[in-house]
Amino acid sequence: MLDVHRLRVFRSVVASGSVQAAAANLGYTPSAVSQHLSALQRETGLTLLARAGRGLRPTAAGHALAAEADRVLARLGAAESLIADLRTGRTGALSIAYFASVGAAWMPHVVRCVLADHPGVRLDLELREHIPDSAEERADLQVVVARQGFDPGPGFTAHHLLDDPYVAVLPAGHRLAGRAETDLADLAEERWVDNDFARGWCRANLIEACTAAGFSPAFRVEAHDYPTALAFVAAGIGLTVLPALGAAHLPDGVTRVRVVRPTPVRSIHVVVHDAVEHTPAVRTALAALRATAAR
């Protein structure tokens with residue numbers, strides 16, 4: 001069995017570059033640090049550090065153990081945090097990941113509901129556009145854009161929340177601004193403002209719909225996000241087409257029009273970790289997401 005305390009000392013030496021620096025950072029004597037390193041190398045049967053001038057550098061085996069130590073110490077830190085929560089009367093933690101356009105639109109209501117019903121829960125919110133490959137890196141709940149019927153992976157369940165149709169956002173004086181809807185093909189010759197610099201799924205969905213309508217949009221300006229693209233539209237630079245949720249809060253001087261024939265649609269889901277789906281905080285968060293999406 002590896003001694004976790006020795007792993008911490010070893011990791012400090014790797015980060016600090018010398019026994020003396022690690023001793024100063026940890027509040028130990030250099031002799032104590034050296035003893036921990038010697039014991040760890042005896043336990044593992046590996047040479048973990050080599051001399052480099054006046055300091056130390058990790059060997060190949062040392063690099064590998066340092067990387068694994070980071071993961072071990074991170075998990076241990078999470079367990080220690082849970083113990084601290086329980087000691088102080090908090091009832092645990094809930095992690096929620098979400099993509100940008102639901103942040104302002106949905107998350108304040110969800111957080112308010114969770115904290116109102118479970119004031120002892122510690123919330124960890126993260127802006128994340130993609131589902132991590134590693135299950136350990138995933139949040140308890142993650143709001144995602146994905147195709148209907150997608151597989152969230154073993155140990156996770158996807159719940160459909162909303163089908164979000166796209167709209168065209170136009171300057172208020174645009175020739176189409178007074179309409180309730182417009183054919184996508186009517187926008188073919190317009191000046192387009194891109195709103196997804198990352199070339200994500202939402203943009204690919206839009207391009208596919210434009211292809212079905214017989215054209216490829218000519219983007220005159222490329223913006224990194226929805227708010228910037230909307231500001232360009234307000235400045236009269238062009239139009240942008242985006243999911244309706246992204247156009248929930250429009251700046252002055254612009255209007256939105258439904259896009260039809262075809263109507264691009266993105267599906268929004270929440271992916272829940274099966275291990276925590278039964279917990280009260282997760283049930284509250286899931287109910288709040290469903291209620292918000294329904295509105």
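Basis of the calculations
Residue positions within a chain follow its written sequence, with the count starting from 1. This being a predicted model, a pLDDT of at least 70 is required before a residue's local features are given, and a value of 80 or more before pairs of side-chain atoms are given or counted; all residues contribute to the totals for chains, interfaces and linings. Excluding hydrogens and water, the side-chain figures rest on all heavy atoms present in the structure. Each helix is a run of DSSP H or I of at least 4 residues and each strand a run of E of at least 2, with the numbering of both proceeding from the N terminus. Each helix should span, by expectation, one fewer than its residue count multiplied by 1.5 Å. Between buried and exposed lies partly exposed: a residue is buried under 20% and exposed over 50% of the maximum accessible area for its type, with that area taken using a 1.4 Å probe on protein chains only. By the criterion applied in these results, polar contacts are pairs of N or O atoms within 3.5 Å in which, for protein atoms, one can donate a hydrogen and the other can accept it, and in which residues neighboring in sequence qualify only through two side-chain atoms. The term salt bridge refers to a side-chain nitrogen of Lys or Arg lying within 4 Å of a carboxyl oxygen of Asp or Glu. The rule is short: rings of Phe, Tyr and Trp, with Trp giving its six-membered ring, pair when the centres are within 6.5 Å, and they are stacked under 30 degrees, edge-to-face over 60, tilted in between. Every axis corresponds to a line fitted to the C-alpha atoms, with the helix fit spanning only the stretch in contact, and the corresponding angles, defined between N-to-C directions, vary from 0 to 180 degrees. Working rule for angles: under 35 degrees goes down as roughly parallel, over 145 as roughly antiparallel, 65 to 115 as roughly perpendicular, anything else as oblique. A crossing counts as left-handed when the near helix is turned anticlockwise from the far one by less than a right angle, and as right-handed when that turn is clockwise. Throughout, a contact is declared for two residues whenever any of their heavy atoms are within 4.5 Å. In this classification, Asp, Glu, Lys and Arg are treated as charged, Ala, Val, Leu, Ile, Met, Phe, Trp, Tyr, Cys and Pro as nonpolar, and every other residue, Gly included, as polar. Throughout, nonpolar core names a set of buried Ala, Val, Leu, Ile, Met, Phe, Trp, Tyr and Cys residues whose side chains join them through atoms within 4.5 Å.

Draft legend 1. Structural detail: helix α1 (residues 4–16). Taking 1.5 Å as the rise per residue, α1 with 13 residues should run 18 Å; its terminal C-alpha atoms sit 18 Å apart, in good agreement. All of the buried residues along α1 are L7, V9, F10, S12 and V13. In this structure D3 caps α1, since a side-chain oxygen of it lies 2.8 Å from the backbone nitrogen of H5. One or two residues past the end of α1 sits G17, with phi positive at roughly 90°.

Draft legend 2. Geometry of the environment of A23. Relative to the assigned elements, A23 resides in helix α2 (residues 19–26). Between the alpha carbons of A23 and V13 there is a distance of 8.3 Å; along the sequence they are ten residues apart.

Draft legend 3. Summary view of the pattern of salt bridges. Enumeration according to the criterion identifies 13 salt bridges in this entry. With a closest N to O distance of 3.4 Å, E80 and R8 form a salt bridge. Linking E80 in helix α4 (residues 60–87) with R8 in helix α1, this pair joins segments that are 72 residues apart in sequence. Overall, E80 belongs to the partly exposed group, its relative accessible area being 39%. Residue class for R8 comes out partly exposed when judged on its relative accessible area of 35%. For D194, the salt bridge is made with R203, and the minimal N-O distance between the two is 2.9 Å. Each of the two residues, D194 as well as R203, counts as buried. Ionic contacts of the salt-bridge type, sharing partners, join the residues E181, D183, R258 and R261 into one network.

Draft legend 4. Main features of unusual backbone geometry. Between R261 and P262 the backbone carries a cis peptide bond, its omega angle lying at -5°. Along the polypeptide, P262 turns up in the loop between β11 (254–260) and β12 (265–273). A positive phi is found at R261, a non-glycine position, where the angle reads about 50°.

Draft legend 5. Molecular detail of the packing of aromatic side chains. Evaluated as defined, the whole model comprises two aromatic pairs. Here W192 and F219 contribute two aromatic rings whose centre-to-centre distance is 6.0 Å and whose plane-to-plane angle is 85°, an arrangement assigned as edge-to-face. Of this pair, W192 sits in strand β8 (residues 192–194) while F219 sits in strand β9 (residues 219–222), and the two are 27 residues apart along the sequence. Members of the aromatic cluster, joined through ring pairs, are W192, F215 and F219.

Draft legend 6. Inspection of the packing of α1 against helix α3 (residues 30–44) at higher detail. For the pair α1 and α3, the least separation of the axes is 9 Å and the interaxial angle reads 110°. When the interaxial angle is binned, α1 and α3 end up roughly perpendicular. Once α1 is placed against α3, the crossing between them reads as left-handed. Contact with α1, carried on its side by H5, R6, L7, V9, F10 and V13, involves V33, H36, L37, A39, L40 and E43 of α3 and no other residues of that element. Taken together, the residues of the contact of α1 with α3 sort by class into eight nonpolar, two polar and two charged.

Draft legend 7. View of the environment of R51. Counting through the fold element by element, R51 comes out in strand β1 (residues 49–52). The class of R51 is exposed, set by a relative accessible area of 65%. The residues touching R51, leaving out its near neighbours within four places in the chain, are L56 and R57.

Draft legend 8. Expanded view of the nonpolar core. Core analysis: the largest hydrophobic core is formed by 26 residues, its most contacted members being V169, L184, L187, W192, V241 and L242. Going through the elements one at a time, β6 (156–171), α6 (201–212), α7 (226–234), β10 (240–243) and β11 are the ones with two or more residues in this core. The residues touching V241, leaving out its near neighbours within four places in the chain, are Y166, V167, A168, L187, W192, N195, L206 and V259. Core analysis: the second largest hydrophobic core is formed by 25 residues, V102, M107, L141 and V282 among them.

Draft legend 9. Examining the environment of I83 more closely. Summarising the element assignment, I83 is placed in helix α4. Taking the C-alpha atoms as reference points, I83 and V13, 70 residues apart in sequence, are found 28 Å from one another.

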